[in-house]
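Commentary on secondary and tertiary structure
Now for the letters of each chain:
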Amino acid sequence: MLDTNARKYIQPVLDVIAKTCQRTGISANTLTIIGMFVGVAAAGLVASQYFVAGFAVLWLSGLIDAADGTLARLTQPSPIGAILDITFDRVVEIAMIAALAISFPGARLELLILAGTIAIAMSLFLSIAAAVANTSIKSFHYAPGLGERTEAFIFFSLMILDHPRLTLWTWVFIGVIVFTMLQRVYHVRRMLAES
């Protein structure tokens, strides 16, 4: 939801990052790879219980991740770029879940359920992208929903910084993902009925 509705507010910052990368010869795919490594570094910090640093580095990785698409549109979007972007987003999410499980073993069951829910949600998201014609600036049909990338970062932030309530935030995050899946099923049913 925030990815779709708040993009216009952060887009000027993304434009500056993308144009700087373009001038210095950094490709969109390279930026995607850098964003993934920064995200995994954030998970490493959380696993080492440097929670504030992990939180800050996680958001830096999110900024880099958002800028790669802007850079791709300035240069030339590629199918491999879309594949890397989607895959590396999951790498960062799973790394963060693993880091939280290392730091907080008592929440491992809930974190495992969260990882499974993310896997199912991404399967649905990609199935919809394959089934519906693309009319957006993205490389594939993007089905919006309540829980998008920014919301995931917000929940990871709550889980990191408010770790005494890690289990609660994990269940709320799972609920948001399930609600988003239902939204996307409704979205694709409506779109397919109209075609």
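Here's a quick rundown of the structure. Because the structure is predicted, anything quoted here is derived from the model rather than measured. (Residues numbered from 1 in each chain as written. Predicted model: local features only at pLDDT ≥ 70, side-chain atom pairs only at ≥ 80, totals over all residues. Heavy atoms only, no water.)

**A closer look at the overall build of the chain**
Note the cut-off: For the purposes of this entry, the term helix denotes a DSSP run of H or I that reaches at least four residues, the term strand denotes a run of E that reaches at least two, and both are numbered from the N terminus. Values of the radius of gyration come from C-alpha atoms, whereas the globule rule sets the reference at 2.2 Å times the count of residues to the power 0.38. Note on exposure labels: buried denotes an accessible area under 20% of the residue type's maximum, exposed denotes more than 50%, and partly exposed covers the range between, all computed with a 1.4 Å probe on protein chains only.
A count of helical and extended segments in the chain gives eight helices and zero strands. Against the globule reference of 16 Å for 195 residues, the chain gives a C-alpha radius of gyration of 17 Å, in line with a compact fold. Once the C-alpha set of the chain is aligned to its principal axes, its extents read approximately 45 × 45 × 25 Å. Buried residues in the chain amount to 42% of all 195 residues.

**Comments concerning helix α7 (residues 149-161)**
Cut-off, in case you're wondering: Working rule for helices: expected span equals 1.5 Å times residues minus one.
Across its 13 residues, α7 extends 18 Å between first and last C-alpha, which sits within 8% of the 18 Å expected from 1.5 Å per residue. If you check which residues of α7 are buried, you get Arg 149, Glu 151, Ala 152, Phe 153, Phe 155, Phe 156, Ser 157, Met 159 and Ile 160.

**Here's the deal with the packing of α7 against helix α8 (residues 166-194)**
Selection criterion: Note on geometry: axes are lines fitted to C-alpha atoms, helical ones only across the stretch in contact, with angles between N-to-C directions running from 0 to 180 degrees. An angle below 35 degrees is read as roughly parallel, one above 145 as roughly antiparallel, one from 65 to 115 as roughly perpendicular, and any other as oblique. In this scheme, a crossing is called left-handed if the near helix is turned counterclockwise away from the far one by less than a right angle; it is called right-handed if the turn is clockwise. Two residues form a contact once any of their heavy atoms are found within 4.5 Å. Three categories are distinguished: nonpolar for Ala, Val, Leu, Ile, Met, Phe, Trp, Tyr, Cys and Pro, charged for Asp, Glu, Lys and Arg, and polar for the others, with Gly belonging to the last.
Axis separation between α7 and α8 bottoms out at 9 Å; the angle between their running directions is 165°. The orientation of α7 with respect to α8, classified from their angle, is roughly antiparallel. Remark: the crossing between α7 and α8 carries left-handed chirality. Every residue of α8 that contacts α7 at Ala 152, Phe 155, Phe 156, Leu 158 and Met 159 is listed here: Leu 166, Trp 169, Thr 170, Val 172, Phe 173 and Val 176. Looking at the contact of α7 with α8 residue by residue, the class counts come to 10 nonpolar, one polar and no charged.

Interpretation note: all reported values are geometric properties and have no functional meaning in isolation.
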